[in-house]
Amino acid sequence: MTSYDVCIIGGGIMGLSTAVFLKRLDPAISVCVVEPDPSYEFSSTLRASGGARRLFSGPENIAMSNFSIDFLTRFDVEMAVDGEAPAIDWQEQGYLFLVPPTGVALLEANTRTQRSLGVEVILMDPSALKRRFPSINADDVGAAALSPRDGWCDPNGVLQGFLRKARATGAAIIRDRVAGLDASSGVVRSATLASGGSLDADTFVVAAGAWSPQVVASIGMPLPITPMRRFEHYFTTRTPIEPLPFVKDLDRLAFRPEGAGYTGSLVNSDEPRGFNFDVDHGYFENTVWPALAHRFPAFEATKCHRSWSGLYEQCELDGNAIIGNWRERHPNVYVIAGFGHGLMHAPAAGRGIAEMIVHGAFQTIDLTRLGYDRVLNNTPYRELGIL
Ligand SMILES: Cc1cc2nc3c(=O)[nH]c(=O)nc-3n(C[C@H](O)[C@H](O)[C@H](O)COP(=O)(O)OP(=O)(O)OC[C@H]3O[C@@H](n4cnc5c(N)ncnc54)[C@H](O)[C@@H]3O)c2cc1C
């Protein structure tokens, strides 16, 4: 087939989630997913740490987490194919946000928003924090928020589960790269492929992660998304520490338990943008380790076993995802990109785009404020106090 109702560009977590929800909402719809690399070598999804939290300030992000985390806890049932259930190893060990004294008021305000949306959050002052996690150094902490129902999972398990379900429900997975979209007739009707052919469709979904701006450049659609490299490390310590949640510390240190050790890093927001996958093998020792050892002295003697890099698909407008279409110019081209923390929102965002395509509007969570209009109007919609 070279003609589909919907052509999804990019077969990472966003593209596959969209395909699954499209087929769920309308089994008769014909869907293809174009993905150049079946190994997903450089895709952000396989490099993610798998964390999923409800600790946001924006109601849309909290609502997306509520749906997505619930979905992930039922993933084996939801994505089973022929009685075979995918394993994503969901660990409900919670998320812990630490803020300095200057961040306490905002943390409390965010907690109120989260609770109003049904999120279970425990606020702790430094002494309560220390009682709950005796290994922590709470000296410079103003307050902490713990969301015990959050956790993490295996990103590859989620990706493969979505992929299998998309295929089983009739989505075609096409191995190719979209070189550009063709709007020469005034409306985007086809995608040109790197292999030389083309695909026609009524609707296109741009789900190419950090590569998304390249896809829409051909139709003059500005997309303020850039590739931002970040490192991830697997490390251990011999000094025992009590079971920890996913810890998000001041200055963007973020890590969680993994097997006999831990995985995480310290995100450098000033990282030069670009498709750079080089690994700085001094980064852990020079930057991550001092922050870790400061927060948990048990990490004074730690060993980093492995470091890797991956790309955040960073939305430079405001750090939030872009979920929607350019209604005036290219209404049949939808974007689902720019998350930076997209694994945890993929089920809800994919469902949202599917609702827009099938029903013409969001049906469950109203994601209008995360739409493309804010790019055109240059009106950022930022998270408050949360990166
Ligand atoms: C180190 C690291 C840790 C992270 N940790 C977390 C975390 O704990 N929790 C969380 O929620 N998120 C996390 N993230 C973010 C998360 O991984 C991403 O937000 C998410 O995977 C984005 O999914 P995607 O499908 O948009 O992008 P991708 O997974 O990158 O998929 C995009 C796909 O598009 C394909 N593509 C590119 N160009 C084209 C083209 N021209 N035509 C067709 N296809 C194309 C690519 O091959 C790729 O497979 C982390 C990211 C990194 C790098």
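What counts as what
Residues numbered from 1 in each chain as written. Predicted model: local features only at pLDDT ≥ 70, side-chain atom pairs only at ≥ 80, totals over all residues. Heavy atoms only, no water. Near = heavy atom within 4 Å. Polar contact = N/O pair within 3.5 Å; in protein donor to acceptor, adjacent residues only side chain to side chain. Areas by Shrake-Rupley, 256 points an atom, 1.4 Å probe, with all protein chains shown as cover. Core = buried A, V, L, I, M, F, W, Y, C linked by side-chain atoms within 4.5 Å. Buried < 20%, exposed > 50% of the residue type's maximum accessible area, 1.4 Å probe, protein only. Contact = heavy atoms within 4.5 Å. Salt bridge = Lys/Arg side-chain N within 4 Å of Asp/Glu carboxyl O. Helix = DSSP H or I, 4+ residues; strand = E, 2+ residues; numbered from the N terminus. Expected span 1.5 Å × (residues − 1). 1 Å grid on protein atoms, 1.4 Å probe; cavity = no way out; pocket = protein on both sides within 12 Å on 5 of 7 lines; lining within 4 Å. Points joined across faces, edges and corners; volume = space filled by probe spheres on them. Nonpolar A, V, L, I, M, F, W, Y, C, P; charged D, E, K, R; others polar. Domains from an automatic or database assignment. Buried area = accessible area lost by both parts, 1.4 Å probe. Pairing = 2+ DSSP bridges. Axes fitted to C-alpha atoms, helices over the stretch in contact; angles between N-to-C directions. Phe/Tyr/Trp six-rings, centres within 6.5 Å; stacked < 30°, edge-to-face > 60°. Lys NZ or Arg CZ within 6 Å of the ring centre and 35° of its normal.

Asker: Give a detailed account of the site of the ligand, specifying residues and quantitative values.
Answerer: Surrounding the ligand, one finds 35 residues, the nearest of these being Glu 35, Ser 43, Thr 45, Glu 313 and Gly 342. In the model, an oxygen atom of the ligand is placed 3.1 Å from a nitrogen or oxygen of the Ile 13 main chain. A distance of 2.6 Å is found between an oxygen atom of the ligand and a side-chain nitrogen or oxygen belonging to Glu 35. Out of a free accessible area of 1,000 Å², the ligand has 97% covered by protein chains.

Asker: Residues and numbers for the nonpolar core, please.
Answerer: In this structure, Ile 8, Phe 162 and Ile 323 are the most contacted members of the largest nonpolar core, which totals 67 residues. For Ile 323, the residues in contact, after removing those within four places along its chain, are Met 64, Val 335, Phe 339, Ala 349, Ile 353, Phe 362, Leu 367, Leu 370 and Gly 371. With 31 residues, the next largest nonpolar core counts Tyr 4, Ala 191, Met 221 and Tyr 372 among its residues.

Asker: Which residues make up the pattern of salt bridges, and what values do they have?
Answerer: What the rule picks out here adds up to 17 salt bridges. Across the pair Glu 60 and Arg 369 runs a salt bridge whose closest N-O atoms are separated by 2.8 Å. Note that Glu 60 is positioned in helix H2 (residues 59-73) and Arg 369 in the loop between helix H9 (346-359) and helix H10 (373-376), a separation of 309 residues in sequence. Salt bridges linked by common partners bring Arg 24, Asp 70, Arg 74 and Glu 78 together as one network.

Asker: So, unusual backbone geometry: which residues are in play, and what are the values?
Answerer: Positive phi is not limited to glycine here, since Asp 82 has a value of about 50 degrees. Checked against the element boundaries, Asp 82 lands in the loop between helix H3 (75-78) and strand S4 (95-99). The backbone phi angle of Asn 378 is positive, close to 50 degrees, even though this residue is not glycine. Turning to its location among the elements, Asn 378 is positioned in the segment after H10.

Asker: Before we move on, could you go through the side chain of Asp 318 and cite the residues and values that matter?
Answerer: With respect to the secondary-structure elements, Asp 318 resides in the loop between strand S16 (302-315) and strand S17 (322-326). Judged by relative accessible area, Asp 318 falls into the buried class, the value being 8%. A polar atom in the side chain of Asp 318 sits 3.0 Å from the backbone nitrogen of Asn 320. A distance of 2.6 Å separates polar atoms of two side chains, one belonging to Asp 318 and the other to Arg 374. When near neighbours in sequence (up to four residues on either side) are disregarded, Asp 318 contacts Arg 374, Pro 380, Tyr 381 and Arg 382.

Asker: Residue-level account of the side chain of Asn 325, with values.
Answerer: By the element assignment, Asn 325 lies in strand S17. Polar side-chain contacts of Asn 325 include one of 2.8 Å to the backbone oxygen of Pro 331. Contacts of Asn 325, omitting those with residues within four sequence positions, involve His 330, Pro 331, Val 333, Tyr 334, Met 356 and Tyr 372.

Asker: Explain helix H1 (residues 13-25) to me, and be specific about the residues and the numbers.
Answerer: An ideal rise of 1.5 Å per residue puts 18 Å on 13 residues; H1 measures up with 18 Å between its terminal C-alpha atoms. Across the 13 residues of H1, 11 count as buried, placing the element largely inside the fold. Residues Ile 13, Met 14, Gly 15, Leu 16, Ser 17, Thr 18, Ala 19, Val 20, Phe 21, Leu 22 and Lys 23 constitute the buried set of H1.

Asker: Can you break down empty space enclosed by the protein residue by residue, with the values?
Answerer: Following the criterion strictly, the structure yields 1 cavity of 30 Å³ or more and no others. Considered as a void within the structure, the largest cavity measures approximately 40 Å³ in volume. Around the largest cavity, the lining residues are Leu 55, Phe 97, Leu 107, Asn 110, Gln 114, Ala 145 and Ile 386. Ranked by the residues each element gives to the lining of the largest cavity, the list is headed by helix H4 (residues 104-116), at 3 residues.

Asker: Talk me through the layout of surface pockets; I want residue IDs and the actual numbers.
Answerer: If a probe the size of a water molecule is rolled over the atoms, the empty space left behind becomes visible. Approximately 440 Å³ is the volume found for the second largest pocket. Along the walls of the second largest pocket sit 20 residues, with Ser 49, Pro 155, Arg 256, Glu 258 and Thr 263 positioned nearest its centre. For the lining of the second largest pocket, the secondary-structure elements that each account for two or more residues are strand S12 (225-237), strand S14 (253-258) and S16. Counting residues per element, the lining of the second largest pocket draws most heavily on S14, at 3 residues. Classifying every residue of the lining of the second largest pocket by side-chain character gives 8 nonpolar, 5 polar and 7 charged.

Asker: Which residues make up the domain arrangement of the protein, and what values do they have?
Answerer: Taken domain by domain, the protein holds domain 1 (3-75 + 154-224 + 318-376), domain 2 (95-148) and domain 3 (225-313). Of note, the centres of domain 1 and domain 2, computed from C-alpha atoms alone, are 33 Å apart. At the interface, 11 residues of domain 1 touch 10 residues of domain 2. Here domain 1 meets domain 2 over a buried area of about 880 Å², counting both sides, of which 71% is carbon and sulfur.

Asker: Hey, could you go over the sheet that holds strand S6 (residues 143-147) for me, with residue numbers and the actual values?
Answerer: Taken in spatial order, the 8 strands line up as S5-S6-S4-S13-S14-S15-S12-S16 in an open sheet, and their pairing is mixed. Lying at the two open borders of the sheet, with one neighbouring strand each, are strand S5 (122-124) and S16. If you compare each strand with its neighbour and ignore which way they point, the axes differ by 20 degrees on average. Relative to strand S13 (residues 246-248), S4 runs parallel, the two being bridged by 3 bridges. Residue pairing in the sheet places Leu 96 in a bridge with Val 247 of S13.

Asker: Give me the packing of aromatic side chains: which residues, what numbers.
Answerer: One pass over the structure, following the stated rule, counts 21 aromatic pairs. Between Phe 21 and Phe 71, the aromatic rings sit 5.5 Å apart at their centres with planes inclined by 45 degrees, giving tilted as the arrangement. Residue Phe 21 is found in helix H1, and its partner Phe 71 is found in helix H2; the two are separated by 50 residues along the sequence. According to the relative accessible area criterion, Phe 21 is buried, its value standing at 3%. Of the residues examined, Phe 71 reaches a relative accessible area of 0% and is grouped as buried. When the ring of Phe 67 is compared with that of Phe 71, the centres are 5.8 Å apart and the planes differ by 35 degrees; the resulting orientation is tilted. Here Phe 67 and its partner Phe 71 are both found in helix H2, 4 residues apart, which amounts to about one turn of the helix. Counting every residue linked through ring pairs, the aromatic cluster contains Phe 235, Phe 255, Tyr 262, Phe 284, Phe 296 and Phe 299. Positioned over the ring face of Phe 67 is Arg 351, at 3.6 Å from the centre of the ring.

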